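Secondary and tertiary structure notes
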Amino acid sequence: MLRPLLLFLLLATAAPSTPPSLSVYSDGGWHSWWRADAAPARWDAGLPLVMHAVQWEDSANGIALGSLRLSAGGEAWRTRAIIVRVDPSRIRFTLSSPGTRLGAPYSWTIDSAPSSALLALNAGQFDDDGAWGWLVREGRELQPPGRGPLAPAVVIDTAGRLSIVPADSVASLRSSRNVMTAFQSYPALLQKEGAVPAALLRDTPYLDRSHRDARLAVGLLRDDQIIIVLTRFDALGGALDGLPFGLTTPEMAALLGALGARRAVSLDGGVSGQLLVRLHGQEYRWTGWRKVPVGLVGMGG
């Protein structure tokens, strides 16, 4: 078994000979819908081909769970996107960490979420010193903002509204009494009204546009509902879905745009990406291989 598996992995990770592209499985076949050499600079609306291909599996309490089959280059030739759509008027989000210390060693996983949680996922990014960037929990700032042009903040105000705030606007919010929950992450995938950041459209020294990995992102739809997307390697019947194979950052931006997001930001993916959804007493789990400092938990509002 080992030798066939190694051969399969070598074939799956072979470098593509054509510009990266994305296809979606719908109506019994694969349909191409995005190419890196013709990538749009803005998503003014979702792409019907992709939106209609989502297989919605369950919904309750303001949460809908669906999935999408994708094909991309190299090891991402079979990728599944798990999609969660959230009505923020019915879900109350909080930041969660096992203790007051946000630095290493890390100890949060979806298993840390309370049994009453309807939704849980890892939040933001981290480095060797712990959680990175701005953190606000229950209206109290735990950590000051980090710096970076593609490092927006996910902010939830006292009314429960979620917004994705550009990095250059974070400073003005720090003195506000209207912020209940906030965390910072990077890179931005979609900026104001669906604009794709320039760094995702052309090579820069600050971002590797060709790196493939499992991905996790949060976005804001045009009706102000929230979308969360996690990708998993989907070959061999999902037997290897824990492998950190998947989309590039530009491809993830395209996916969020095609699903109708007007703003979006990447969260820590790879072996850290993890998601828990509970609907109708059924628990759906996508675990990570690594513990993280902080999680985002959604409770029934």
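Summary of the structure given here. Numbering of residues starts from 1 in each chain and follows the order in which that chain's sequence is written. Selection of residues for local features in this predicted model requires a pLDDT of at least 70, selection of side-chain atom pairs for listing and counting requires 80 or more, and totals for whole chains, interfaces and linings are taken over all residues. By convention in this description, side-chain values take in all heavy atoms of the structure and omit both hydrogens and water.

Section: the overall build of the protein chain
Heads up, the condition is: By definition, any uninterrupted DSSP run of H or I lasting at least four residues is a helix, any uninterrupted run of E lasting at least two residues is a strand, and each is numbered from the N terminus. It is over C-alpha atoms that the radius of gyration is taken, and the globule rule equals 2.2 Å times the number of residues to the power 0.38. For the exposure calls, accessible area comes from a 1.4 Å probe over protein chains only, and a residue counts as buried if that area is under 20% of its type's maximum, exposed if over 50%, partly exposed in between. Only heavy atoms matter for contacts: two residues are in contact if any of them lie within 4.5 Å across the pair. Surface accessibility in these figures is a Shrake-Rupley result with a 1.4 Å probe; residues are shielded only by whichever protein chains are displayed. In this count, Lys and Arg are taken as positive residues and Asp and Glu as negative ones, while His and the chain termini are left out. In plain terms, the charge of a residue is placed at NZ if it is Lys, CZ if Arg, CG if Asp and CD if Glu.
Counting secondary structure elements, the protein chain contains four helices and 21 strands. Since a compact globule built from 301 residues should have a radius of gyration of about 19 Å, the 18 Å found for the protein chain is in line with a globular shape. Dimensions of the protein chain, computed from the C-alpha atoms along their principal axes, are close to 55 × 40 × 35 Å. Residues classed as buried in the protein chain amount to 54% of the 301 residues present. Within the protein chain, counting contacts between residues at least 6 apart in sequence, those at least 24 apart form 70% of the total. For the protein chain, the exposed surface amounts to about 13800 Å²; the carbon and sulfur share of it is 51%. Charged side chains of the protein chain number 29 positive and 26 negative; the gap between the two group centres comes to 2 Å.

Details of the sheet that holds strand 21 (residues 295-300)
Worth spelling out the cut-off: Here, any two strands with at least 2 DSSP bridges between them count as paired. Working convention: axes come from line fits to C-alpha atoms, limited for helices to the stretch in contact. Angles between N-to-C directions cover 0 to 180 degrees.
With antiparallel pairing, five strands are arranged side by side in an open sheet as 6-21-7-19-20. Looking at the sheet topology across the chains shown, the edges are occupied by strand 6 (91-96) and strand 20 (282-286). Sheet twist, expressed as the average angle between the axes of neighbouring strands with direction ignored, equals 15 degrees. Note that strand 6 and strand 21 share six bridges and pair antiparallel.

Observations concerning helix 4 (residues 249-258)
With ten of its ten residues buried, helix 4 lies for the most part within the structure. Within two residues after helix 4, Gly-260 carries a phi angle of roughly 100 degrees, on the positive side.

Structural notes on the packing of aromatic side chains
To keep it simple, the criterion reads: Here the aromatic set is Phe, Tyr and Trp, taking the six-membered ring for Trp, and pairing holds for ring centres within 6.5 Å; pairs whose planes are under 30 degrees apart are stacked, those over 60 apart are edge-to-face, and all others are tilted.
Under the defined criterion, the tally for this structure stands at five aromatic pairs. Measuring from centroid to centroid gives 6.4 Å for Trp-33 and Trp-43, while their planes differ by 65 degrees, and the two rings are edge-to-face. Of the two residues, Trp-33 sits in strand 2 (residues 29-35) while Trp-43 sits in the loop between strand 2 and helix 2 (48-53), which places them ten residues apart along the sequence. For Trp-43, a relative accessible area of 9% puts it in the buried group.

Looking at the nonpolar core
Worth spelling out the cut-off: Remark: nonpolar core denotes a set of buried residues (Ala, Val, Leu, Ile, Met, Phe, Trp, Tyr, Cys) joined through side-chain atoms within 4.5 Å.
In terms of nonpolar packing, the biggest core is built from 36 residues, with Trp-33, Leu-68, Val-229, Leu-255 and Leu-256 touching the most fellow members. Excluding residues that lie within four positions of it along the chain, Leu-68 makes contacts with Val-24, Val-50, Ala-53, Val-54, Thr-79, Arg-80, Ala-81, Ile-83 and Leu-255. Ile-82, Leu-121, Ile-228 and Leu-296 belong to the second largest nonpolar core, which has 35 residues in total.

Details of the environment of Ala-153
Summarising the element assignment, Ala-153 is placed in strand 12 (residues 153-157). For Ala-153, a relative accessible area of 0% corresponds to the buried category. Between the alpha carbons of Ala-153 and Ser-185 there is a distance of 6.3 Å; along the sequence they are 32 residues apart. Setting aside chain neighbours within four positions, we find Ala-153 in contact with Trp-134, Ser-163, Ile-164, Val-165, Val-170, Phe-183 and Gln-184.

Points about empty space enclosed by the protein
Stated precisely, the cut-off is as follows: A pocket, in this scheme, is an open set of points on a 1 Å grid over the protein atoms alone with protein on both sides within 12 Å along at least 5 of 7 lines, while a cavity is a set where a 1.4 Å probe fits but cannot get out; residues line either one if an atom lies within 4 Å of a point. Grid points are joined across faces, edges and corners, and a volume is the space filled by probe spheres set on the points.
Scanning all chains against the criterion turns up three cavities of 30 Å³ or more. Roughly 60 Å³ of internal volume is contained in the largest cavity. Taken together, Trp-34, Ala-39, Pro-40, Trp-43, Val-196, Leu-200, Leu-201, Pro-250, Ala-253 and Ala-254 make up the lining of the largest cavity. Among the elements that line the lining of the largest cavity, the one with the most residues is helix 4, at three residues.

Description of the layout of surface pockets
Using the following cut-off: Only Asp, Glu, Lys and Arg are considered charged, only Ala, Val, Leu, Ile, Met, Phe, Trp, Tyr, Cys and Pro nonpolar, and every remaining residue, Gly among them, polar.
Reported here for the largest pocket is a volume of approximately 520 Å³. What lines the largest pocket is a set of 24 residues, and nearest its centre among them are Gln-125, Tyr-186, Pro-187, Tyr-206 and Leu-207. Split into classes, the residues belonging to the lining of the largest pocket amount to eleven nonpolar, eight polar and five charged. The calculated volume of the second largest pocket comes to roughly 310 Å³.

Regarding the environment of Trp-33
Residue class for Trp-33 comes out buried when judged on its relative accessible area of 12%. Residues Trp-33 and Ser-21 lie twelve residues apart in sequence; the distance between their C-alpha atoms is 7.7 Å. The contact partners of Trp-33, leaving out residues within four places of it in the chain, are Leu-22, Ser-23, Val-24, Trp-43, Leu-47, Leu-49, Val-50, Leu-70, Ala-254, Leu-255 and Ala-258.

Take it as geometry only, folks, not as evidence of what the structure does.
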